[in-house]
Amino acid sequence: MQRIDKILANRGFGTRKEVKALIKDGAVEIAGKVVRDPGFLVDTEQQKIAVNGEVLAYREHIYILMNKPQGVVSATEDRKERTVVSLLPENYRIYEPFPVGRLDKDTEGMLILTNDGQFSHQLLAPKKHVPKTYLARIEGRVTEKDIEAFKAGVVLDDGYKTLPAKLIILEQGRLSLIEITICEGKFHQVKRMFQAVGKEVIYLKRIAMGGLALDDRLSPGEFREMSEEELEILHKDN
Ligand code: URA
């Protein structure tokens, strides 16, 4: 059950104050009856809400694109650390979104948050091989040999041999800048792949997932709802 004024404010009908005025004016009907109490509790799954005669579609799912900043964990709750969900305002948190997969605490970049379990599963299922592209700063000189090694698959510290990954060298030197696309998501995968070739990842950012690139207008810590077109792209890829 949620307060009607809160629901309408969350749905973009104005500030809490504006919404209260709308309700007091008699513009809002719940289950066919005009309700003038802004604190009226609504069961959104059972009761239809209409504003000026227009019925609000019941909204089940939310899809958020975030540029995850460093220093927060990809979780809904954590006893010690700040979480990605804690960065969201209440009007998104009421939908109980969770991150689709994980980025390490020190990794930044594209993270999708949703409350749609099926959608999340489609993106994460190992069999689907959804591509994920990262930009990384590497301590050490990344070479053609590394490109070949990643293409063939490298053996991680636990003996797992990775699937073919695409490595592009953007800057080569004592510090290198690379782009890597992997189609699986083992724990610390990119960092461990570079470890396997004797190098260290010192900065990591996810820049794309499932054919969708991170919106570069989003600074670290910023987020927005995903568009229908963006959701399409991700569905199409699955
Ligand atoms: N690979 C890593 O090592 N860390 C991440 O956060 C994502 C991919």
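1. What to know about the packing of aromatic side chains
Move 1: Summed over the entire model, instances satisfying the criterion amount to three aromatic pairs.
Move 2: Centre to centre, the rings of Tyr63 and Phe119 are 5.0 Å apart; their planes meet at 75 degrees, and the pair counts as edge-to-face. Within this pair, whereas Tyr63 is found in strand 7 (residues 63–68), its partner Phe119 is found in helix 4 (residues 117–124), the two being separated by 56 residues in sequence. Assigned by exposure class, Tyr63 and Phe119 land together as buried.
Move 3: Both rings, one in Phe150 and one in Phe194, keep their centres 5.0 Å apart while their planes meet at 75 degrees; by these two values the pair is edge-to-face. Residue Phe150 is located in helix 5 (residues 144–152), and its partner Phe194 is located in helix 6 (residues 189–196); the two are separated by 44 residues in the primary sequence.
Move 4: On the basis of relative accessible area, Phe150 is assigned to the buried category, the value being 0%.

2. Brief notes about the pairing of strand 12 (residues 175–182)
Move 1: Here strand 10 (residues 132–139) runs beside strand 12; their pairing, made up of eight bridges, is antiparallel. For Leu135, the partnering residue across the bridge sits in strand 12 and is Glu179.
Move 2: Relative to strand 12, strand 11 (residues 166–171) runs antiparallel, the two being bridged by five bridges. Bridge pairing in strand 12 places Ile168 opposite Glu179.

3. Quick word on the pattern of salt bridges
Opposite charge on two side chains permits pairing when their charged atoms draw close.
Move 1: Taken as a whole and judged by the stated rule, the model has 15 salt bridges.
Move 2: A salt bridge links Arg137 to Glu171, with the nearest nitrogen and oxygen atoms 3.1 Å apart. Of the two residues, Arg137 is situated in strand 10 and Glu171 in strand 11; the sequence distance between them amounts to 34 residues.
Move 3: Here Arg192 makes a salt bridge to Asp157, at a shortest N to O gap of 2.8 Å. Within this pair, whereas Arg192 is found in helix 6, its partner Asp157 is found in the loop between helix 5 and strand 11, the two being separated by 35 residues in sequence.
Move 4: Using a relative accessible area of 11% as the deciding quantity, one classes Arg192 as buried.
Move 5: On the accessibility criterion, Asp157 (60% relative accessible area) is exposed.
Move 6: The structure contains a network of salt bridges with shared partners spanning Arg3, Asp5, Arg16 and Lys20.

Criteria and cut-off values
Residue positions are counted from 1 within each chain, in the order its sequence is given. Reporting of local features is limited, given that this is a predicted model, to residues whose pLDDT is at least 70; pairs of side-chain atoms are given and counted only at 80 or more, and all residues count toward the totals for whole chains, interfaces and linings. With hydrogens and water stripped out, all remaining heavy atoms of the structure feed into the side-chain values. Two rings from Phe, Tyr or Trp (for Trp, the six-membered ring) form a pair when their centres sit within 6.5 Å of each other. Planes less than 30 degrees apart are called stacked, planes more than 60 degrees apart edge-to-face, and all others tilted. Runs of E in the DSSP output that reach at least two residues are strands. Runs of H or I that reach at least four are helices, and both are numbered from the N terminus. The buried label goes to any residue with under 20% of its type's maximum accessible area, the exposed label to any with over 50%, and the partly exposed label to all in between, with areas taken from a 1.4 Å probe on protein chains only. By definition, two strands form a pair when at least two bridges between them are found by DSSP. Throughout this description, the term salt bridge denotes a Lys or Arg side-chain nitrogen within 4 Å of a carboxyl oxygen of Asp or Glu.

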